[in-house]
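# Coordinate analysis (summary)
One letter stands for each residue in the lines below.
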Amino acid sequence: MEIKTKELGLVNIDEKQIIFFPEGILGMEDYKNFALLDANNPPYFFLQSLDDSNLMWVLISPEFFRKDYTLDVQESELFELGLQAGVDTELIVFSIVHFAPMNNLIYANLQAPIVINKAKSLGRQCVSVNPKWKLRHNILEELKKTEGDL
Amino acid sequence: MLILTRKIDESIILNEDIKISIVEITNDCVKIGIEAPKNVKIYRSEVLEAIKQENMSAKIQPKVLPKLQN
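Residues numbered from 1 in each chain as written. Chains lettered and ligands numbered in written order. Predicted model: local features only at pLDDT ≥ 70, side-chain atom pairs only at ≥ 80, totals over all residues. Heavy atoms only, no water.

## A few points about the overall build of chain B
Within chain B, the regular secondary structure consists of one helix and three strands. In sequence order, the secondary structure elements of chain B are arranged as β-β-β-α. Within chain B, buried positions represent 17% of all 70 residues. (Helix = DSSP H or I, 4+ residues; strand = E, 2+ residues; numbered from the N terminus. Buried < 20%, exposed > 50% of the residue type's maximum accessible area, 1.4 Å probe, protein only.)

## Overview of the interface of chain A and chain B
Chain A puts 40 residues into the contact, and the matching count from chain B is 25 residues. Summing the contributions of chain A and of chain B, the shared interface buries around 2900 Å²; its carbon and sulfur component is 59%. Among the residues of chain A in contact with chain B, E7(A), L26(A) and F99(A) are the three that bury the most area, contributing 17% of the side total. Our enumeration of links across chain A and chain B arrives at four salt bridges. (Contact = heavy atoms within 4.5 Å. Buried area = accessible area lost by both parts, 1.4 Å probe. Salt bridge = Lys/Arg side-chain N within 4 Å of Asp/Glu carboxyl O.)

## Notes on the layout of surface pockets
A volume near 460 Å³ is recorded for the largest pocket. In terms of lining, the largest pocket is formed by 14 residues, of which the most central are Q74(A), V129(A), I42(B), Y43(B) and R44(B). Considered as a void within the structure, the second largest pocket measures approximately 170 Å³ in volume. Taken together, R6(B), S11(B), I12(B), I20(B), I22(B), V30(B), I32(B) and I34(B) form the lining of the second largest pocket. (1 Å grid on protein atoms, 1.4 Å probe; cavity = no way out; pocket = protein on both sides within 12 Å on 5 of 7 lines; lining within 4 Å. Points joined across faces, edges and corners; volume = space filled by probe spheres on them.)

## A look at unusual backbone geometry
Residue P43(A) is bonded to the preceding P42(A) through a cis peptide linkage, with omega at 10 degrees. By the secondary structure assignment, P43(A) is in the loop between β4 (33–38) and β5 (44–49). A positive phi angle, near 55 degrees, is found at N40(A), a position not held by glycine. For N40(A), the position within the fold is in the loop between β4 and β5. N40(A) gets classed as exposed once you look at its relative accessible area, which sits at 61%. In the Ramachandran plot, N15(B) falls in the positive-phi region, its phi being about 50 degrees despite a non-glycine side chain. Relative to the elements of secondary structure, N15(B) occurs in the loop between β1 (11–14) and β2 (18–26).

These values are about where atoms sit, not about what they do.
In structure tokens:
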């Protein structure tokens, strides 16, 4: 199917790319239907709203700059993604990217990851209970630190 | 808003299965214990508020995305 996107214009997507967020994104709870798109600009992805073509976030995999990232969230949040005790389910975890053009910085939100259960096409913005993960991690700084460790 | 006065070690019950207890009181700080079923989500209000604001700032995107790798 064809969808209208903010950055890429009209894009043809597979139904598998459509993710339903029953509770929307925090602060934008009314927008529940999204498509997960390859940004054609690695390592980024787009989370494009299907309810409003102007609504879009850029996503990145936290592992790209923090290999030690862990998904530390309440069990109740994972239940909402259709997880059941004793059943292995693959979850895909993303961080929302925040470009701050004023100071040319790129942040990623590790405190409130976007978690997707691909098998059920369900998504949710979760809230980390681990104080190590903050709202704003400077991606380039984190990458420099990683290089320093090698 | 319903306002109740509780002393230390006292508690209140919400519905049938959520229990909120006053565990410790020091100066301007109250430590609260929450017993709730596994499907209940519990958040600090200001954390949710900060995330909402960050989501709002992050959704405005420039036309050209900077590259992170070659």
